[in-house]
Amino acid sequence: DAKTTQPNSMESNEEEPVHLPCNHSTISGTDYIHWYRQLPSQGPEYVIHGLTSNVNNRMASLAIAEDRKSSTLILHRATLRDAAVYYCILRVLTGANSKLTFGKGITLSVRP
Amino acid sequence: DTGVSQNPRHKITKRGQNVTFRCDPISEHNRLYWYRQTLGQGPEFLTYFQNEAQLEKSRLLSDRFSAERPKGSFSTLEIQRTEQGDSAMYLCASSELITDTQYFGPGTRLTVL
């Protein structure tokens, strides 16, 4: 599986936007970029995924660089409930090799 | 739909005992995954099923571990002769074939004394 690199941690203030970066310089043409997050004492939760174009959903936005070697998860207004570990993961969307390969993720802290 | 459920939520056992965990996926989800997570690390893939067929197993899954999904619905993960190194959170996830977005349960925390 192609590898992703994320900072260990990031802090933000409540109600401000948060930009979580992810580098994936060895991404292949068939890899989708997925983001999951894990709140304390819970299982991971799907956030968003994309291939080439920027994506928006009710939780977040995903901005993908033109060369696809990096991406940024954007939380438009951070809340205290957004404090979690965020994982950036590359995978083929479907097919035999559909497991998720998690790294250590980035720990987001939100200050009130 | 109540999401993925796992039982028990916590299990404490003595070294050498056998333990079994159960996962009930979201109904109609064809795929079911097991992951293991230790403190400070991301989840690690163990195995997955498509319906009742076990399609992939990680090298992490030693001979002491066995998973089943007999009717393509719920799944069980059994660990025989537990060791202290088996202490971890065991996570289950399910997905439908088309999108394959994985939905995780709350996990079973195993402590081996």
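Since we're looking at a predicted model, the values are computed, not measured.

### Details of the pairing of strand E6 (residues 53-57) of chain B
Regular strands place side chains that alternate from one sheet face to the opposite one.
Residue and element names in this part refer to chain B.
Next, step 1: With four bridges joining them, strand E5 (residues 44-50) and E6 adopt antiparallel strand pairing. When the sheet's bridge partners are listed, Phe 49 is paired in E6 with Gln 54.
Next, step 2: Linkage of E5 to E6, two consecutive antiparallel strands, is achieved through a turn of two residues, within which Asn 51 is found at a positive phi near 55 degrees.

### Comments concerning the sheet that holds strand E8 (residues 84-92) of chain A
Residues and elements named next belong to chain A.
Next, step 1: The sheet built from five strands is open, its strands ordered E1-E9-E8-E3-E4 with mixed pairing. A strand with exactly one partner marks an edge of an open sheet, and here the two such strands are strand E1 (9-13) and strand E4 (45-50). Ignoring strand direction, the axes of neighbouring strands in this sheet form an average angle of 25 degrees.
Next, step 2: Pairing analysis gives eight bridges linking strand E3 (residues 31-38) to E8, with the strands arranged antiparallel. For Tyr 36, the partnering residue across the bridge sits in E8 and is Tyr 87.

### A short note on the pattern of salt bridges
Residue and element names in this part refer to chain A.
Next, step 1: As enumerated under the stated definition, the model contains eight salt bridges over all chains in all.
Next, step 2: Salt-bridge contacts for Glu 11 lead to Arg 111; the nearest nitrogen and oxygen are separated by 2.3 Å. Of this pair, Glu 11 sits in strand E1 while Arg 111 is found in strand E9 (residues 106-111), placing the two residues 100 residues apart along the sequence.
Next, step 3: The class of Arg 111 is partly exposed, set by a relative accessible area of 37%.

### A look at unusual backbone geometry
Residues apart from glycine generally show negative phi values, whereas peptide bonds are mostly found in trans.
Next, step 1: Following Asn7(B), the chain continues to Pro8(B) via a peptide bond in cis, the omega torsion being -10 degrees.
Next, step 2: Examined against the element boundaries, Pro8(B) turns out to sit in the loop between strand E1 (5-7) and strand E2 (10-13).
Next, step 3: One non-glycine residue, Glu15(A), adopts positive backbone phi at about 70 degrees.
Next, step 4: With respect to the helices and strands, Glu15(A) occurs in the loop between E1 and strand E2 (18-23).
Next, step 5: With phi around 45 degrees, Arg81(B) is a residue other than glycine that occupies positive phi space.

Definitions and limits used
- Residues numbered from 1 in each chain as written.
- Chains lettered and ligands numbered in written order.
- Predicted model: local features only at pLDDT ≥ 70, side-chain atom pairs only at ≥ 80, totals over all residues.
- Heavy atoms only, no water.
- Pairing = 2+ DSSP bridges.
- Helix = DSSP H or I, 4+ residues; strand = E, 2+ residues; numbered from the N terminus.
- Axes fitted to C-alpha atoms, helices over the stretch in contact; angles between N-to-C directions.
- Salt bridge = Lys/Arg side-chain N within 4 Å of Asp/Glu carboxyl O.
- Buried < 20%, exposed > 50% of the residue type's maximum accessible area, 1.4 Å probe, protein only.

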